[in-house]
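Descriptive analysis of the structure
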Amino acid sequence: MSDVRHVLVLPDRDTADEVAGEVADRFGVADEPQLVRDALAGEDDADDAQWLVVVEDPEQRLDPRALDAFAAEYEGWLEAP
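We now turn to the structure provided with this report.

Assigned secondary structure in the chain consists of 2 helices and 4 strands. Residues counted as buried form 33% of the 81 residues belonging to the chain. A fraction of 64% describes how many contacts in the chain between residues 6 or more apart in sequence connect residues 24 or more apart. Here the chain displays about 5200 Å² of accessible surface, and carbon together with sulfur accounts for 44% of that area.

The structure is reproduced here in structure tokens:
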């Protein structure tokens, strides 16, 4: 079994918080997703940051297309591996 992580990229912290809570309900994720601030290159302003929701998937049971569609509902996307 390999460590698989899915990274959802969201436009702001509030959206990332909402997605992190919803991903567990919608996809049955056991471990709480991790939130990570991703500042854009050369930018120090918090308004210019994207937020990442990192979803652990050790059993590789989550469908990347479904995660991408889910993130798109929140103006985000699934980062390509």
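That covers the picture; the talk isn't over yet.
What follows deals with the environment of Glu 56. By the secondary structure assignment, Glu 56 is in strand E3 (residues 49-56). Residue contacts for Glu 56: discarding those within four places in its chain leaves Val 4 and Arg 5. A polar atom in the side chain of Glu 56 sits 2.7 Å from the side chain of Arg 5.

Glancing now at the packing of helix H1 (residues 13-27) against helix H2 (residues 64-72). Their axes nearest at 12 Å, the elements H1 and H2 cross at an angle of 140°. As the angle between them shows, H1 and H2 are arranged oblique. Here H1 runs over H2; the crossing is right-handed. In this structure, H1 uses Val 19, Glu 22, Val 23, Arg 26 and Phe 27 to contact H2, whose residues at the interface are Ala 66, Leu 67 and Phe 70. Residues of the contact of H1 with H2, tallied by class, amount to 6 nonpolar, no polar and 2 charged.

On to the nonpolar core, then. Among the nonpolar cores identified, the biggest contains 17 residues, and Leu 8 and Val 53 are the most heavily contacted of them. When residues of this core are traced back to their parent elements, those giving at least two are strand E1 (5-10), H1, E3 and H2. A total of 5 residues in this core trace back to one element, the largest contributor, which is H1. Each residue touching Leu 8, except ones within four places of it in the same chain, is listed here: Val 19, Trp 51, Leu 52, Val 53, Leu 67, Phe 70, Ala 71, Trp 77 and Leu 78.

Here we take up the side chain of Asp 57. Within the element layout of this structure, Asp 57 appears in the loop between E3 and H2. Notably, Asp 57 is buried but unbridged: the nearest opposite-charge side chain belongs to Arg 61, and the N-O separation is 5.1 Å. At 3.1 Å, the side chain of Asp 57 forms a polar contact with the backbone nitrogen of Leu 62. When residues no more than four places from it in sequence are discounted, the contact partners of Asp 57 are Val 4, His 6 and Leu 62.

Cut-offs applied
- Residues numbered from 1 in each chain as written.
- Predicted model: local features only at pLDDT ≥ 70, side-chain atom pairs only at ≥ 80, totals over all residues.
- Heavy atoms only, no water.
- Helix = DSSP H or I, 4+ residues; strand = E, 2+ residues; numbered from the N terminus.
- Buried < 20%, exposed > 50% of the residue type's maximum accessible area, 1.4 Å probe, protein only.
- Contact = heavy atoms within 4.5 Å.
- Areas by Shrake-Rupley, 256 points an atom, 1.4 Å probe, with all protein chains shown as cover.
- Polar contact = N/O pair within 3.5 Å; in protein donor to acceptor, adjacent residues only side chain to side chain.
- Axes fitted to C-alpha atoms, helices over the stretch in contact; angles between N-to-C directions.
- Parallel < 35°, antiparallel > 145°, perpendicular 65-115°, else oblique.
- Left-handed = near helix turned anticlockwise from the far one by under 90°.
- Nonpolar A, V, L, I, M, F, W, Y, C, P; charged D, E, K, R; others polar.
- Core = buried A, V, L, I, M, F, W, Y, C linked by side-chain atoms within 4.5 Å.
- Lys, Arg positive; Asp, Glu negative; His and termini not counted.
- Salt bridge = Lys/Arg side-chain N within 4 Å of Asp/Glu carboxyl O.

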